[in-house]
Each structure stands twice: as structure tokens, then as C-alpha cells.
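# Observations on chain architecture
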Amino acid sequence: MSSLAAEASKKILLKGNEAICLGAIAAGCRHYYGYPITPQNDIPEYMAAHLPALGGTFLQAESEVATINMILGTSASGKRVMTSSSGPGISLMQEGLSYMAGSELPAVIVNISRSGPGLGGIAPSQGDYFQAVKGGGHGGYRLIVLAPHSVQEMYTLTMLAFDLADRYRTPAMILGDAIVGQMKEPFEATPYDSATTAEKPWALTGCAGRERLHVKSLHLKDNAIEVHNWKLHGKFERIRKTETRAESFLLDGAKIAVVAFGTAARVSKTAIQWARKEGIPVGMLRPITLFPFPEREVFDLAKTVDVVLVIEMNTGQMVEDVRQSTPLHDRIAFLGKPCAMPTPEEILDRIRALAGRKG
Amino acid sequence: MSIEGKTEFTKPVYTRPRSLVDVKTHFCPGCHHGTIHKIVAECIDRYGVRENSIGVACVGCAVFLYDYIDVDVVEAPHGRAPAVATGVKRAQPDKFVFTYQGDGDLAAIGTSEVIHAANRGENLTVVFVNNTTYGMTGGQMAPTTLLGQKTSTTPYGRDFRSDGYPIKMAELLAGLDGTAYSARVAVSTPAQIRKAKAAVRKAFEMQINGMGFSIVEFLSTCPTNWGMKPLDAQGRVLGEMSEYFPLGVYKERKQADFA
């Protein structure tokens, strides 16, 4: 446990964005590069204040384009490294992310997303779901995408993101939003317990005592790029098989199943508890990994309930993955709110209406 | 010489640099990449940094650095080599870090990255190969294409009224406080090659001594895309290219003014 984590070893009131920083530092990240953008500025500000004292590097880059390439360079050096941004900045990083996926370089990318498209607004949104889980950049790859719904999870999932990124040698993303990033909650700095070895024999550290190494994504000879694509595909399939994570919330006997992630899931928990008090059999499946998406869990769940209510802070993105996971499309309902957090009352109203329709 | 008059070689006076990989070149006849690779490799050997070096390759013909220089190499997206090199150097300050970039890469798409790396005084070295065209993509207009020069995208010659002017990077970067060393050299005569090597040595010494950002711009040929014979291409470097892009040292820091 780092000394910072030790300081915070009892429960304190902490912002989500700061919990990400504590998680990163606990996981051994000592290098951060970034560029200012709302609503994630707490992260670079925290890192600027704390990383130098830990012997690390904080650098404010000239752009998100430069940022992601500094990340690439530090990752190629074998060091744990993180950046954070929001929608427009994450768009600028897509080129570098594609190169990193192609070059098989790990890193943690935090997207405290805002509403778009374009400059959009700074209101919380989940409009970056497609960009995060479907590849984002060119050429065909996946990011590992984790969606925290509490300050505590901002911490634990950041630590997990470093482990998964290193284990699979590919970038991992924390997909949050202004609510989960800016809200404060009681938080406890649990110890970092990693199962991932830190050995990185591929890292570029100078060729003393070995042949020179290359980290690259260009494959021109014969059909090397096709071989490389199938290799990457195999890796993403292994991630699908072994790293899917989801929370079951009050699903026992449920006839209505909410599927929501992040802030939308957090608000849904309140509405579901209210509805349960009214005797409505409702629960929730909360994807924690958005890639890999809990397809099997949705498939099984859809067979046992009357309605799958997908709730997102966008006009319908994850709902496409829900549809792909089950053939029972007539059971799928959707509640979307593209540029704001849905209130528990709105969700409860919708649950009541669905229960009435079925009851 | 033996007493019988037969020549016996007992002491090599000229060998392939240890840091230059022993492979056949794939570059076009008359291209300068091979000469510049050799100068870089000789300087790596001179300072004994081969096992301590990380090179950053760019996009374009220059990317094949990793086939020729026997050091660890990471490949950067187009124009981003100075940012990648920043990430390498910040993670491993004890390593020798250099980028190897063409003019489209450094002076067009990567202008922002090289200016800010220089302005931060990043303690790394940039080898910049300026042949006034995009070689790998088939000879399009580069930011350094001379006025009047015909390329595949300036079929009537570069016109400043629509295409602007050739950009002088060695001078531009010399104007930044973070730059420790900036020079422009050529390799079209043996004397120029010796001067070029001296400039690269100086740039390497800047980094080794922690003085900050160093860059050496090479005026280079692209006979294939210029539509010239190799000898005529040398003449172009010695003539109109050197007239517009004067050779020389534009900045040389004498003392480290930051730790």
C-alpha cells in the first residue's frame, strides 16, 4: 500500500475524480499526461500536486493528440501510465489509441464524459458509449471499458483497469461522467491486491544483453497484418470469455429487469428500491464491463422476465448490445435522457407503467 | 605492407558502425537515408549509447529506421514522434532518446509536437530529414517544397499565393528558448558529410550533458520523386535547396540553464 493510500485508510469524504487518482497511485502509476477539459480537471490537478513527490511525472501536454502519444512512449517504456479527458479530448486521442491497440501497449484512459456531439455541453451524459466499446479509432480493435457507479468503484475499477491493461497488453478505459466524477461519497482506500505480474519483457529499455526490440503496428511483409489482426481478435475473444463483470441487484423473482451502467444504474437503484417497497418485482443487471458486454447474462435474464428496461443517459446506445444479446426483442423497453441524469421519480414512473401494463 | 610487397591488412581503419545493421538497403538509388543512418549509427557508437538508446520512428520512408539502426525502436503515429519521445524520456531519463523524422512528418502534421517538445526543452535529439517532398506516398507537396517546384499535388509548381512558403524549421526551432542546439546540414559532398557528423555529435552531446532539445536538419534527396538522376539530385541540394535553406548552426547553448 502506498503512503498516500495509508493516509486515506479510514473512511473519508472523497470526490469520484480524486478516487481515480488514488486508485492509479495505489496501483503503481507514476506517470500522468493530460490536457485541461471540464469536467475532469480534478484529476490532472490532483496528479500535478502529488506525483512529483512520489518521484513521478506530471506533464500538461499541448493537446490531447500529444497527450496520448506521450502515454504511448511511457507505456512502451514499460511503465504504468494514465491520462484523463472528456468527450472532445477523447476523440482527439483515438488515433493514438488505435496505434496503442495495434502495438499492444497497455495504459489507462479515463473519460469523464460530457454531452455531445461536437462541443456539446458539460452536462453528464453516456453518449460516448459507442466510441468507447466499438473501437473508436481506425482499423478494428477493442478497448477494455469499465463503468464505475460510485466513488468507491472509481478507485477499485481504476486499479483493475491497470491490471487488465497489463494482462492483455491493450488500453483500458474508465468510462464515467460528470456526476460520478464530481460527486462526493464516503470512501475507503482498500489495499491494492494485484494478481498481474509486473514483468514486461517487451518493454523498450535499451538493448543491453539482448537483441533490439521494436514496438510497432506497421506490418507490410506478406500477410503479416492479417496474422496480426487474427492475433488481436483472439485476445479480444479471450477478454470476452474471462473478464465480463456485472452486478445483479434485487433480481430475485424480478419480472422487470433494468439494464443500466454508471450513473444511470446508480439512480436506478433508488427507483428500484422504491418500487420494491410498492411490491413491484423489479431488479437490475448492471454491466460493470461495457466491453466485454455481459451478453450471456442478458440472454439468460431476458428469458426469465417480462420486460428488460434499458436506461441510458443518451438516446439509445447500449440498448443495441442488449438487443444483440437476446432474440426476445419485444421484451426490451428503453428510457433515454441524452444530456441529464434521469431522476429516480422518472424511473419509478416508468417502472410503475411497465408493471401496470403487465399486471 | 609486407616485405614481399603483398598487402596484408592487420588493422582495420574503416568498418561498418556497430550500430548499423548489416542488411541490404531497400532505399532508392541516390537517396540520402542510408548516409544519414550511417552518421547516426557512427555517433551512437562514438558515445557508447547503443545499449542505452531508444529511437522513435515516424511515418513515411523514415519509418524503416528500425530495419537499419541496431537499437530499441518505437514507432510513432504520423508527426507524433516528439510526443512519443517525450513519454519515453520522462519515463527513462537515463536513456538516450532520439527521433528520426521526414519533412511531411515533422514540418506539417507534427509541427505542434516538435515545437512544444523543443519549447519544453525536452532533453532529446531530433534527426530531421528534409527532401522537400512526401517520398513514400508518391511525391506530393511537402511543407518544405520549394516555390515553383512541381510535385504530384503542385503540378504547375508551388505558388505562394495558394500554397504558402517553404517552412524553415531549423531557424524556427532555434527561436525557442527550450532549444539547445539547432543546425542544418547536407550530405552531398564528403566535406558536407564530415560537417553533418560534427553537428550530430554536437546534438548528441547536448542530450548527454542534459542541455535540452537538439535538432539537426538534413537537406536530403528524393531522386525518384524529383524525377532526377542521383547525380542531378545532388546538384539540386547543392544549388537551389541550399540557397533557400542555408546550411549552418542556428543555435548552440553553451551552458545548461536548467537542471
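To keep things clear, this report deals only with the structure shown in the data block. (Residues numbered from 1 in each chain as written. Chains lettered and ligands numbered in written order. Predicted model: local features only at pLDDT ≥ 70, side-chain atom pairs only at ≥ 80, totals over all residues.)

For chain A, the helix and strand inventory stands at 14 helices and 16 strands. Referenced to the eigenvectors of the C-alpha coordinate spread, the extents of chain A come out at roughly 70 × 50 × 40 Å. The buried share among the 359 residues of chain A stands at 55%. Considering only contacts within chain A whose residues lie at least 6 apart along the sequence, 79% involve residues at least 24 apart. (Helix = DSSP H or I, 4+ residues; strand = E, 2+ residues; numbered from the N terminus. Buried ≥ 20, exposed ≤ 12 C-beta atoms within 10 Å, placed from the backbone. Contact = placed C-beta atoms within 7 Å.)

It is worth spelling out the sheet that holds strand E13 (residues 282-287) of chain A at this point. Residue and element names in this part refer to chain A. The five strands lie next to each other as E11-E13-E12-E15-E16, forming an open sheet whose pairing is mixed. On the outer flanks of this sheet lie strand E11 (246-249) and strand E16 (332-336), each paired with one strand and no other. Adjacent strand axes in the sheet meet at a mean angle of 20 degrees, parallel and antiparallel pairs treated alike. Where strand E15 (residues 307-312) lies against E16, five bridges are found, and the strand directions are parallel. Bridge pairing in E16 places Val-310 opposite Phe-334. Running at roughly 155 degrees to E15, helix H13 (residues 318-325) makes contact with strand E12 (256-259), E15 and E16 of the sheet. (Pairing = 2+ DSSP bridges. Axes fitted to C-alpha atoms, helices over the stretch in contact; angles between N-to-C directions.)

So, on to the sheet that holds strand E7 (residues 179-186) of chain B. Pairing within the open sheet is mixed, and its eight strands lie in the order E10(A)-E2(B)-E1(B)-E3(B)-E4(B)-E8(B)-E7(B)-E9(B). At either margin of the open sheet sits one strand with a lone partner, and together these are strand E10 (214-215) of chain A together with strand E9 (248-252) of chain B. Taken together, the five bridges between strand E3 (residues 96-102) of chain B and strand E4 (residues 125-130) of chain B define a ladder with parallel strand orientation. Looking at E4 of chain B, one finds that Phe-98 of chain B is bridged to Thr-125 of chain B. Along the sheet face, helix H1 (residues 33-46) of chain B touches strand E1 (53-57), E4 and strand E8 (213-219) of chain B and points at about 165 degrees away from the line of E4 of chain B. Strand contacts of helix H3 (residues 81-91) of chain B: E1, strand E2 (72-75), E3 and E4 of chain B, with the helix running at about 175 degrees to E3 of chain B, the strand carrying the most contacts.

All names here are of chain A. If you look at the biggest cluster of nonpolar residues, it comprises 188 residues, and the most contacted ones within it are Val-108, Ile-144 and Val-145. Take this core: its biggest share by element is 11 residues, from helix H8 (residues 151-168). Taken domain by domain, the makeup of this core includes at least three residues from each of domain 1 (3-196 + 232-241) and domain 2 (247-358). Dropping the residues within four chain positions of it, Val-108 is found in contact with Ala-24, Met-82, Thr-158, Ala-161, Phe-162, Ala-165, Ala-172 and Ile-174. (Core = buried A, V, L, I, M, F, W, Y, C linked by C-beta atoms within 7 Å. Domains from an automatic or database assignment.)

As a further point, take helix H11 (residues 262-277) of chain A. All names here are of chain A. Along its 16 residues, H11 runs 23 Å from first to last C-alpha, staying within 8% of the 22 Å computed at 1.5 Å per residue. Among all positions in H11, only Gly-262, Thr-263, Ala-264, Ala-265, Arg-266, Val-267, Ser-268, Lys-269, Ala-271, Ile-272 and Ala-275 are buried. Directly after H11, the chain includes Gly-279, whose backbone phi takes a positive value near 85 degrees. (Expected span 1.5 Å × (residues − 1).)

Across the boundary between the two partners, chain A contributes 31 residues, which contact 28 residues of chain B. Within the residue set of the side of chain A that touches chain B, elements represented by two or more residues are strand E3 (57-60), helix H4 (64-76), helix H6 (94-103) and E10 of chain A. Looking at the side of chain A that touches chain B element by element, the count peaks at nine residues for H4 of chain A. Across the side of chain A that touches chain B, the residue classes tally to 14 nonpolar, 12 polar and five charged. (Nonpolar A, V, L, I, M, F, W, Y, C, P; charged D, E, K, R; others polar.)

Let's shift gears to the environment of Gln-234 of chain B. Residues and elements named next belong to chain B. Tracing the backbone through its elements, the reader meets Gln-234 in helix H10 (residues 230-244). On a C-alpha basis, the gap between Gln-234 and Thr-189 in space is 8.4 Å, while along the polypeptide they are 45 residues apart. Excluding residues that lie within four positions of it along the chain, Gln-234 makes contacts with Ser-188 and Thr-221.

What follows deals with the pairing of E15 of chain A. All names here are of chain A. Burial of E15 is extensive: six of the six residues sit out of reach of the surface. Every second residue of E15 is oriented toward a common face, with Val-307, Leu-309 and Ile-311 on one face and Val-308, Val-310 and Glu-312 on the other, all of them buried. Note: E12 against E15, four bridges, orientation parallel. In the strand pairing of E15, Val-258 is matched with Leu-309. Of the crossover connections in this fold, the one passing from E15 over H13 to the parallel E16 is right-handed. (Right-handed = clockwise from strand over helix to strand, strands pointing away.)

So, about the packing of H1 of chain B against helix H8 (residues 190-208) of chain B. Residue and element names in this part refer to chain B. Direction vectors running N to C along H1 and H8 enclose 45 degrees, while the axes themselves pass 10 Å from each other. Classified by the interaxial angle, the pair formed by H1 and H8 is oblique. Once H1 is placed against H8, the crossing between them reads as right-handed. Of H8, the residues touching H1 (which contributes Thr-35, Ile-39, Val-40, Glu-42, Cys-43 and Arg-46) are Ile-193, Ala-196, Lys-197, Val-200, Arg-201 and Phe-204. Of the residues in the contact of H1 with H8, the class split is seven nonpolar, one polar and four charged. (Parallel < 35°, antiparallel > 145°, perpendicular 65-115°, else oblique. Left-handed = near helix turned anticlockwise from the far one by under 90°.)

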